[in-house]
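Secondary and tertiary structure notes
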Amino acid sequence: MLSILSGILGFATSGLPSVLDFFKQKGDQKHEREMAKLDMERSLAMAEKGFASQERIEEFRTDQVEMETYAQERVALYEHDAKMSQNASAWVLNLRASVRPIITYIFVFLLLFTDVVGMIWAMKSGVDFATAMELVFSDEEMAIVASIIGFWFGSRHWDKRK
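Residues numbered from 1 in each chain as written. Predicted model: local features only at pLDDT ≥ 70, side-chain atom pairs only at ≥ 80, totals over all residues. Heavy atoms only, no water.

1. With respect to the overall build of the protein chain
A tally of helices and strands in the protein chain yields seven helices and zero strands. The linear arrangement of helices and strands in the protein chain, starting from the amino end, is α-α-α-α-α-α-α. Within the span of the protein chain, comprising 162 residues, buried residues form 12% of the whole. Counting only contacts in the protein chain whose residues sit at least 6 apart along the sequence, the fraction spanning at least 24 positions is 70%. Counting every atom, the protein chain has about 13,500 Å² of accessible surface; 66% of that belongs to carbon and sulfur. (Helix = DSSP H or I, 4+ residues; strand = E, 2+ residues; numbered from the N terminus. Buried < 20%, exposed > 50% of the residue type's maximum accessible area, 1.4 Å probe, protein only. Contact = heavy atoms within 4.5 Å. Areas by Shrake-Rupley, 256 points an atom, 1.4 Å probe, with all protein chains shown as cover.)

So, in structure tokens, the structure goes:
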């Protein structure tokens, strides 16, 4: 039962970032619309009174400098990443792209190794097979494995929905 619940939770949590991004984007858009409306009203009020908004001009300049700086930083980061990748072999590039799956593989292999060693130790200690199975392959362990599988296969499902 715990394995089923954790599998479902693993699948559901893999899509949680997409759901949160949707609500965040919706809230951001509403906020931006309200801010634009207030800004427009303020600008109209200032124009009616004959004031030129020097503050607004400076704000545009600041925004432009920030955008240019951000773009230059991104370009520099991409150039640096490209330089790091130029002399690297294909397997190193593939390894860099697969850090999270490798960590998952290591965890699963370590889990299997621990289970096999525990099973061998239990059998050599004279514990009967059924008892050894219950001790080595616990519900908590199966819940962890189900969460991992649910997360990885669930993330594929959510990626396809995008």
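So, next bit.
2. Structural notes on the side chain of Thr104
Among the structural elements, Thr104 can be located in helix α5 (residues 99–124). Among residues more than four places away in sequence, those in contact with Thr104 are Ile148 and Trp152.

3. A look at the confidence of the model for the protein chain
Of the residues in the protein chain, 83% have a pLDDT of 70 or more, and the chain-wide mean is 78. The lowest-confidence element of the protein chain is helix α1 (residues 2–14), averaging 70 in pLDDT; the highest-confidence one is α5, averaging 86. (pLDDT = per-residue confidence, 0-100.)

4. Describing a nonpolar patch on the surface
Where nonpolar side chains cluster on the molecular surface, the patch consists of Met123, Phe129, Met133, Phe137 and Met142 and spans about 430 Å² of accessible area. Locating Met142 in the fold gives a position in helix α7 (residues 139–161). For Met142, a relative accessible area of 31% translates into the label partly exposed. (Patch = residues over 30% accessible without salt bridge, like charges linked within 9 Å, V, L, I, M, F, W, Y side chains within 5 Å. Salt bridge = Lys/Arg side-chain N within 4 Å of Asp/Glu carboxyl O.)

5. Thoughts on the side chain of Asp115
Note on placement: Asp115 falls in helix α5. There is no salt bridge for the buried Asp115, and the closest opposite charge comes from Lys124, which lies 18 Å off by N-O distance. When near neighbours in sequence (up to four residues on either side) are disregarded, Asp115 contacts Val136, Phe137 and Glu141. (Lys, Arg positive; Asp, Glu negative; His and termini not counted.)

6. Comments concerning the packing of α5 against helix α6 (residues 129–136)
Interhelical geometry of α5 versus α6 gives an angle of 150° and a closest axis separation of 10 Å. Crossing of α5 against α6: the hand is right-handed. Touching Asp115, Gly118, Met119, Ala122 and Met123 of α5 are Phe129, Ala132, Met133 and Val136, all from α6. In terms of residue class, the contact of α5 with α6 is built from seven nonpolar, one polar and one charged. (Axes fitted to C-alpha atoms, helices over the stretch in contact; angles between N-to-C directions. Left-handed = near helix turned anticlockwise from the far one by under 90°. Nonpolar A, V, L, I, M, F, W, Y, C, P; charged D, E, K, R; others polar.)

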